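Examination of the molecular architecture
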Amino acid sequence: ADAPIELRAAAASVIRAAQEATAGAGAAPSAGRSADADRKLERAVVIAEMPKTARLALRFPLGFLDTPASMYALFGGLRGSAAAAHWCASQFHQRLLPEIAKHIHGWWDAEAEMPEDLLYRGSHVGSIASVLRGVLEGLNRDLLAGQHGLGGCDAALGVLIGENLVVACAGKATATLLFDDAEPIRLLQPVTEGDPDAEEADVAEVETAKTLPANLGHAAESGAFLNCQGLLTRAKCSWDAAAPAKSADAGGVPEDDVARILRAPDAFAVLGLHAPGPANVADVRSLYKKLALRVHPDKVRSCDPTDAKTAFERLDTASRAIEALVEHDREACHELHRVLQSDPFTLRGASAMLKVDTDAEEKQVKKALEGLTTRLEKLRAKDADREISRGIRACEAAAETLQIASKGGGTGAAGERLLAEGVPESSLSAFGMRDLRGIGGKFEVRTSSWRTGEAMRLALCVGATAELSMADLQESAHLFSMQPKASAIQWATKALASQSGRLDSSASAICASIRERDDEEEANTVEDARAAKRQKGVRGPKSLRVRHLMLRCADVGKNLPDDPNARRTKPPARKADAGTRTPAEAEAELITILKSLLMMHAEGKDDNTLSSEFRKLCQQHSECSSAESAGQLCGDLGWMSRGQSEVTFEQAAFGLRRCEFSDVVTTLRGVHLIQRIA
């Protein structure tokens, strides 16, 4: 059945200028479209009609759903790479639509809500939330087992079927409902340590959060390291990537032993032991005494006393563990040291750890793993259980790395470079990041639902935009109530300008605007609809009259496209020496114009005043030949019927009510702002 609502949705991204992205980095700014594509970390999927997409793209029917039947997905790449986000975006709808097709009788969130006749017949009925969760969990499993498994992405998703809205988030992502006359509602938000929502999490998740380091430059016992930017990595990566400290003998600054110990990934690194390891217990004790004098809280004056105390405690614990290992089995201790010096998430490190070739067969890898873990498991020494467990987990990770590579899923050098890149704590529950799963990262899908029917906007945000407050979202959405792309662009722009978004190269959001259908508008077009004998599902008038303001644009480094209907002279508002604007610049200009018109409407200006003002703006700014028409016809395209213009322009125009302004609309000619005048 058709739901009594109108729906418009759009995704938008804003990319930080190359000069800003490289400022202070000592790198020359790159130019061109390819550079922008590299800096854009988000990927969006907006499907307005799921049955149509299923029929045309996936070749199966999905016509039983209530309308509207739409889906939205926004994936934000982590670690400075969009590879995982791109893969998830390309796979998500291909997996979700077939699962929805299996649920042919309807949707209920609980068995108790099912009609008795369906319940007793045993009909296959399910919850949208359950389907979403299952699809996303499967997507994460396959991502981890593939070539993008070391990358990761946050995700915010929504499915609207009829009046039933279900949203899902993973990682640093939010889903928010915004209303005209009520307070906004945050359906989903990231759950981090200290959040009120964390109380609802299970005990295991809370305990995992407690294993994360509390201070910059510290490594937790779990192996998590908090770098100077407040991002989390594995302590091993940070240890390997750290620049070697200058020695006092070389005339440099002596290495800070407190800082080194605090970031050390294991007991061997805490003591600064080199391969093959200590020869006997006396060597360990001698090294401990030397370090204890340099990091004891009573001796150190150049650092925080709390840091010195923590470093001294780590040194004491590490010394006892290594002494116990040497006493129990010196050779096995050296083997454990060798294991912990290798990185199990790189192909070279994994093969070195298990002593097999990088292209070894799965059977050979399993045999090497069993032999090494058996030897380490026998190394049961008092005070050393944590180091032994750390070594066994590393061996298992190395075997997994080799098995994935043998199946064609190797990450390669580009993927392995991501190991040194950190992620925010709120993204530890996101997709991928195989190396962080053992140090506090745990994939988690959060879902919520809402029954629509009143005017509202749904905001799906990831990464930088997920940092925006509900007030920030409401400010733009309240003005651009049915212009979702304009809202999303405003959110992304604000996110990049914020303090929390200063390190992000791009920001994106999805906005879906919902309102009740205008019964009077529908009644006025019903006769036209019958007379035209149009296709089932096509709503609105047979023809209408519109005025538009168009700005021409082209990608960086490209010329403006040929347009026989372009304005012959520059508009009065355009400077004579102005260069070619980019699509992003054109959208920003149109949003400024749209904002001024909507503010006039909010102040109570009538339709005639707004139309007159828009006509003046067309004369001053539009680059379409229609702007050269005199008087009332300035910007007027006349009467148009369906099929006479580009699909995006037609959809925007025929979705408007009388005197309403469209969202920013992109066609091959340029970027448009449309007003329906009849």
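This text follows the structure it describes.
Residues numbered from 1 in each chain as written. Predicted model: local features only at pLDDT ≥ 70, side-chain atom pairs only at ≥ 80, totals over all residues. Heavy atoms only, no water.

Turning to the overall build of the protein, a few remarks are in order. Within the protein one finds 23 helices and 17 strands. Here the protein, with 678 residues, has 49% of them falling under the buried criterion. Pairs at least 24 residues apart make up 70% of the contacts formed inside the protein by residues separated by at least 6 positions. As presented, the protein carries roughly 32,200 Å² of accessible surface, and 49% of it is formed by carbon and sulfur atoms. (Helix = DSSP H or I, 4+ residues; strand = E, 2+ residues; numbered from the N terminus. Buried < 20%, exposed > 50% of the residue type's maximum accessible area, 1.4 Å probe, protein only. Contact = heavy atoms within 4.5 Å. Areas by Shrake-Rupley, 256 points an atom, 1.4 Å probe, with all protein chains shown as cover.)

If you look at the biggest cluster of nonpolar residues, it comprises 52 residues, and the most contacted ones within it are Phe268, Leu315, Ile322, Leu325, Leu336, Leu354 and Cys395. At the level of secondary structure, the elements contributing two or more residues to this core comprise helix H9 (257–263), helix H10 (267–271), helix H11 (281–295), helix H12 (305–328), helix H13 (330–341), helix H14 (347–354), helix H15 (362–377) and helix H16 (385–406). Ranked by residue count, the leading element in this core is H12, at ten residues. Here Leu315 is in contact with Ile261, Val270, Leu271, Tyr288, Leu291, Ala292 and Val295, once residues within four sequence places are set aside. In this structure, Cys461, Ala495, Cys511 and Leu549 belong to the second largest nonpolar core, which totals 41 residues. (Core = buried A, V, L, I, M, F, W, Y, C linked by side-chain atoms within 4.5 Å.)

Once that is clear, we can look at the environment of Ala279. Looking at the element boundaries, Ala279 is found in the loop between H10 and H11. It is 7.9 Å that separates the C-alpha atoms of Ala279 and Val326, two residues lying 47 residues apart in sequence.

As enumerated under the stated definition, the model contains five aromatic pairs in all. Where Phe75 meets Phe92, the ring centres are 6.1 Å apart and the plane angle is 70°; that geometry is what we call edge-to-face. Of this pair, Phe75 sits in strand E3 (residues 69–77) while Phe92 sits in helix H4 (residues 83–101), and the two are 17 residues apart along the sequence. Per residue, the accessibility class of Phe75 equals that of Phe92, and both read buried. Ring centres 4.8 Å apart and planes at 55° place the aromatic pair Phe431 and Phe443 in the tilted group. Here Phe431 is found in strand E10 (residues 431–432), whereas its partner Phe443 is found in the loop between E10 and strand E11 (446–451), with twelve residues between them in sequence. Linked through ring pairs, Phe75, Phe92, Phe431 and Phe443 together constitute an aromatic cluster. (Phe/Tyr/Trp six-rings, centres within 6.5 Å; stacked < 30°, edge-to-face > 60°.)

Spatial strand order, E1-E13-E12-E6-E7: five strands in an open sheet with antiparallel pairing. Where the open sheet ends on each side, the last strands, each with one partner, are strand E1 (5–15) and strand E7 (185–188). Direction aside, the axes of adjacent strands within the sheet are offset by 20° on average. Inspection of the sheet shows strand E6 (residues 173–179) paired to strand E12 (residues 456–462) by seven bridges, in the antiparallel sense. Residue pairing across strands places Phe179 opposite Met456, the latter belonging to E12. In the packing of helix H18 (residues 470–479) onto the sheet, the strands contacted are E6, E7 and E12, and the crossing angle to E6 comes to about 50°. (Pairing = 2+ DSSP bridges. Axes fitted to C-alpha atoms, helices over the stretch in contact; angles between N-to-C directions.)

On to the packing of H13 against H15, then. Two elements in contact, H13 and H15, have axes separated by 10 Å at closest approach and are oriented at 125°. As judged from the angle between their axes, H13 and H15 are oblique. Read as a crossing pair, H13 and H15 show a hand that is left-handed. Where H13 abuts H15, its residues Glu331, Ala332, Glu335, Leu336, Arg338 and Val339 lie against Leu372, Arg375 and Leu376. In the contact of H13 with H15, the residues fall into five nonpolar, no polar and four charged. (Parallel < 35°, antiparallel > 145°, perpendicular 65-115°, else oblique. Left-handed = near helix turned anticlockwise from the far one by under 90°. Nonpolar A, V, L, I, M, F, W, Y, C, P; charged D, E, K, R; others polar.)

Before going further, it helps to examine the sheet that holds strand E16 (residues 665–666). The strand order E15-E14-E17-E16 describes an open sheet built from four strands, whose pairing is antiparallel. The outermost strands of the open sheet, each flanked by one partner alone, are strand E15 (636–641) and E16. Sheet strands touched by helix H22 (residues 607–621): strand E14 (543–551) and strand E17 (671–676). Its angle to E14, the strand with the most contacts, is close to 45°.

Throughout the structure, instances matching the rule amount to 29 salt bridges. Arg390 is the partner of Glu387 in a salt bridge, and the nearest nitrogen-oxygen pair spans 3.4 Å. Of the two residues, Glu387 and Arg390 both sit in helix H16, three residues apart, roughly one turn of that helix. Judged by relative accessible area, which is 10%, Arg390 ranks as buried. (Salt bridge = Lys/Arg side-chain N within 4 Å of Asp/Glu carboxyl O.)

For H18, the complete set of buried residues consists of Leu473, Gln474, Ser476 and Ala477. Here the buried face of H18 lies against E6, E7, E12 and helix H19 (484–497).

Here we take up H11. Its 15 residues give H11 an end-to-end C-alpha distance of 21 Å, which sits within 8% of 21 Å, the value for a rise of 1.5 Å per residue. When H11 is considered as a whole, its buried residues turn out to be Val281, Val284, Tyr288, Leu291, Ala292 and Val295. The buried residues of H11 occupy one face: seen down the axis, they fall within an arc of 110°. Set apart from the buried face of H11 by more than 90 degrees, the exposed residues are Ala282, Lys289, Lys290 and Leu293. Considering only its buried residues, H11 is in contact with H9, H10 and H12. The opening residue of H11 is Asn280, an N-cap whose side-chain oxygen sits 3.2 Å from the backbone nitrogen of Ala282. (Expected span 1.5 Å × (residues − 1). Arc of directions from axis to C-beta. Polar contact = N/O pair within 3.5 Å; in protein donor to acceptor, adjacent residues only side chain to side chain.)

The tally for this structure, following the rule as stated, stands at zero disulfides. No disulfide involves Cys461; its nearest neighbouring cysteine sulfur is the one of Cys511, lying 9.0 Å away. (Disulfide = S-S within 2.5 Å.)

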